[in-house]
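The residues making up each chain are set out below.
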Amino acid sequence: MPEWEPVIGLEIHVQLKTHTKMFCGCEAGFGGEPNTRTCPVCLAFPGALPVPNQTAVEWTIKLGHALNCRIAERAVFHRKNYFYPDNPKGYQISQYDEPLCIDGSFVVPGPETDTEVGIVRAHLEEDAAKTVHVGGATGRIVGSAHSNVDFNRGGTPLVEIVTQPDIRSADDAKRFLQLLRQTIVELGISDAEMEKGTLRADANVSVREVGEMGYRTRTELKNMNSFNHIARGIEAELRRQIETWESGGEVVQETLDYEVKSDTVTPRRRKEEADDYRYFPEPDLVPVEPEADVVERLRSEVPELPGARIRRFEREYELSYYDAEVLNASAARAALYEQVALDGVDAKAASNVLTNDFVASGVDPAAVNGGELGKLIAARATIPRETFIRALAESADPEFRAETYLGDTLVADTGELEPLVDRILADNPGQVAAYKGGKEGLLGFFVGQVMKETEGKADPKVVNELLRAKLS
Ligand SMILES: [Zn+2]
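Note that the coordinates shown come from a computational prediction; the quantities given were computed from them, not determined experimentally.

> What's the story with the packing of helix H14 (residues 429-436) against helix H15 (residues 443-453) in this structure? I'm lost.
For any two helices packed against each other, one specifies the crossing angle of their axes together with the interaxial distance. As a packed pair, H14 and H15 sit with axes 10 Å apart at the nearest point and diverge in direction by 145°. Contacts from Gln431, Val432 and Tyr435 of H14 reach H15 at Leu443, Phe445 and Phe446. Across the contact of H14 with H15, the residue classes tally to five nonpolar, one polar and no charged.

Right under this line is the structure:
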């Protein structure tokens, strides 16, 4: 059997969170009473003229910088013609052969090496309205009684990012999308939430034999609404294609939906030839020609991005890749970590707390005073674990002071602990005999008894030492 290599490219749509829509003054945003945020422009009344949203253009340039793209000196809006109820004009204003951002790359750090994914383009367009299929079990058009259209979403600024087919596994595709999402969120240009549809991703999937040049026929996977579903959908499609080729069949170009329940893909419509959208330049808009100083200003406004930060954390704080990645899952968590670590708290200890107990507490890192948290972490070996966990849970309180909890110290005084240890050993002669007979695992039982009696306040290290001495 030949060895197969996955070839995956992604197309990502990101809804920008500008106050207003792409070509009119209507408020943009998620939800709301249907059809309340519309006007003659986004409903396509005859004679209504579009005016581009300056912020949307600037944010797309910013994203282009984050994707290492070349920013075009001239970008042109085109009309992409197609007939569908969610598209009142009969065309979508998009960018075609002269997009705003071109030829970039995005680096995804991994445990061993970086994965670099080429970016073909990132262009600006307007979103379609939302179609809601009523009746029927699946919420899809098949089996529904009728469909409603909500034009609130119609005309919202949308960026489309197209990658090169550089991704070589379903897992890499998922990691790429997660880091891209984090980058977009930190740029402050979109909430990029898959469940709200403000981030949507399609995958182009094909396989080829290892060493084979060129590409085989690809299929397009749509309708995947979480990072896990995308990874599983790609896996399912790779399996199907490999089976098809190995059984002497041929993969045909088509669009597929991933069905989560059955873990299979089903065809949507077959493309006999490429769709003909009859693109032509939008006659109501002049080309976008961003000035060089604006492009440079926007470049300077791009903050340190999460991919670079993961590598810096590994280097500066000598952390593992895993720890650096978990700490950088949000900008706020990364910033809190740096406050704590720069305050002189042991970098590894701070990382352990922030990637485990702190995450488990569910506390918003942006609300925590790093200095106070650092004091708490530095003193954690001297206070009962229960107190420490309670302190973490309360650390977002504006009144939070580490001092409050530090008085609750562990009992490390052997004079105080010794009589208790003696009593527990006397009360459990059977276990003592078993321990001495070789069942050394019973040490934990005795430690547990001491902890129970002291309500967790005994210093476990001292208790261990005392028990070992007495049982030897
Ligand atoms: Zn409008």
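Now, onward.
> How do you make sense of helix H10 (residues 370-378) when you look at a structure like this?
Owing to its 3.6 residues per turn, the α-helix brings residues three or four apart onto one side. All buried positions along H10 are accounted for by Gly370, Glu372, Leu373, Gly374, Leu376 and Ile377. Close packing links the buried residues of H10 with helix H7 (331-342), helix H8 (347-355), helix H11 (385-393) and helix H12 (403-406).

> It is not clear to me how the nonpolar core should be interpreted in this structure. Could you clarify?
Across soluble globular proteins, you tend to see nonpolar side chains buried next to one another. With 97 residues, the main nonpolar core has Ile12, Ile161, Phe176, Ile234, Tyr337 and Leu376 as its most contacted residues. The biggest single contributor to this core is helix H2 (residues 170-187), with eight residues. Beyond its immediate chain neighbours, meaning those up to four positions away, leucine 376 contacts Ile383, Phe388, Ala391, Leu392, Phe400, Ala402, Tyr405 and Leu406.

> I keep staring at the environment of arginine 74 and nothing clicks. Help me out?
In this fold, arginine 74 is placed in the loop between strand E2 (70-71) and strand E3 (77-81). Overall, the relative accessible area of 40% leaves arginine 74 in the partly exposed class. Between the C-alpha atoms of arginine 74 and glutamate 98, which are 24 residues apart in sequence, the distance is 7.2 Å. Only 3.1 Å separates the side chain of arginine 74 from the side chain of glutamate 98, close enough to count as a polar contact.

> Quick question: what am I supposed to make of the side chain of asparagine 81 here?
Relative to the assigned elements, asparagine 81 resides in strand E3. Engagement of the side chain of asparagine 81 in a polar contact is seen with the backbone oxygen of arginine 278, the distance being 2.7 Å. With sequence-adjacent residues up to four places away left out, asparagine 81 is seen in contact with Gly90, Tyr91, Asp276, Tyr277, Arg278 and Phe280.

> What's the story with unusual backbone geometry in this structure? I'm lost.
Negative phi is the rule for most residues except glycine; trans is the rule for most peptide bonds. A positive phi angle, near 60°, is found at asparagine 35, a position not held by glycine. On the basis of relative accessible area, asparagine 35 is assigned to the partly exposed category, the value being 36%. Residue aspartate 103 is not a glycine yet carries a positive backbone phi of 50°.

> Just checking my understanding: could you explain the environment of serine 395 for this structure?
Take serine 395: it is sitting in the loop between H11 and H12. The class for serine 395 is buried, based on a relative accessible area of 1%. Here the alpha-carbon distance between serine 395 and lysine 174, two residues 221 residues apart in the chain, equals 33 Å. Those residues in contact with serine 395 that lie beyond four places of it in its chain are Phe358, Val363, Ala367, Val368, Asn369, Leu373 and Phe400. Side-chain polar atoms of serine 395 contact the backbone oxygen of leucine 392, separated by 2.7 Å.

> Help me understand the sheet that holds strand E14 (residues 280-281) in this model?
To summarise the sheet geometry, strands pair through backbone hydrogen bonds and adopt either a parallel or an antiparallel arrangement. Here we have three strands laid out as an open sheet, ordered E4-E3-E14, and antiparallel in their pairing. The open sheet has two free edges, formed respectively by strand E4 (91-95) and E14, since each of these has just one partner strand. Two strands pair when backbone bridges link them, and E3 and E14 are joined in this way by two bridges, in the antiparallel orientation. In the strand pairing of E14, arginine 79 is matched with phenylalanine 280.

> Where do I start with the side chain of asparagine 328 in this structure?
Note on placement: asparagine 328 falls in the loop between helix H6 (321-327) and H7. Among the polar contacts listed, one links the side chain of asparagine 328 to the backbone oxygen of alanine 324, at a separation of 2.8 Å.

> Is there a simple way to think about a nonpolar patch on the surface in this case?
A surface patch of nonpolar side chains, about 310 Å² in accessible area, is lined by Tyr84, Ile141 and Val142. With respect to the helices and strands, the residue isoleucine 141 is situated in the loop between strand E7 (130-134) and strand E8 (146-150).

So, how was this worked out
Residues numbered from 1 in each chain as written. Predicted model: local features only at pLDDT ≥ 70, side-chain atom pairs only at ≥ 80, totals over all residues. Heavy atoms only, no water. Axes fitted to C-alpha atoms, helices over the stretch in contact; angles between N-to-C directions. Helix = DSSP H or I, 4+ residues; strand = E, 2+ residues; numbered from the N terminus. Contact = heavy atoms within 4.5 Å. Nonpolar A, V, L, I, M, F, W, Y, C, P; charged D, E, K, R; others polar. Buried < 20%, exposed > 50% of the residue type's maximum accessible area, 1.4 Å probe, protein only. Core = buried A, V, L, I, M, F, W, Y, C linked by side-chain atoms within 4.5 Å. Polar contact = N/O pair within 3.5 Å; in protein donor to acceptor, adjacent residues only side chain to side chain. Pairing = 2+ DSSP bridges. Patch = residues over 30% accessible without salt bridge, like charges linked within 9 Å, V, L, I, M, F, W, Y side chains within 5 Å. Areas by Shrake-Rupley, 256 points an atom, 1.4 Å probe, with all protein chains shown as cover. Salt bridge = Lys/Arg side-chain N within 4 Å of Asp/Glu carboxyl O.

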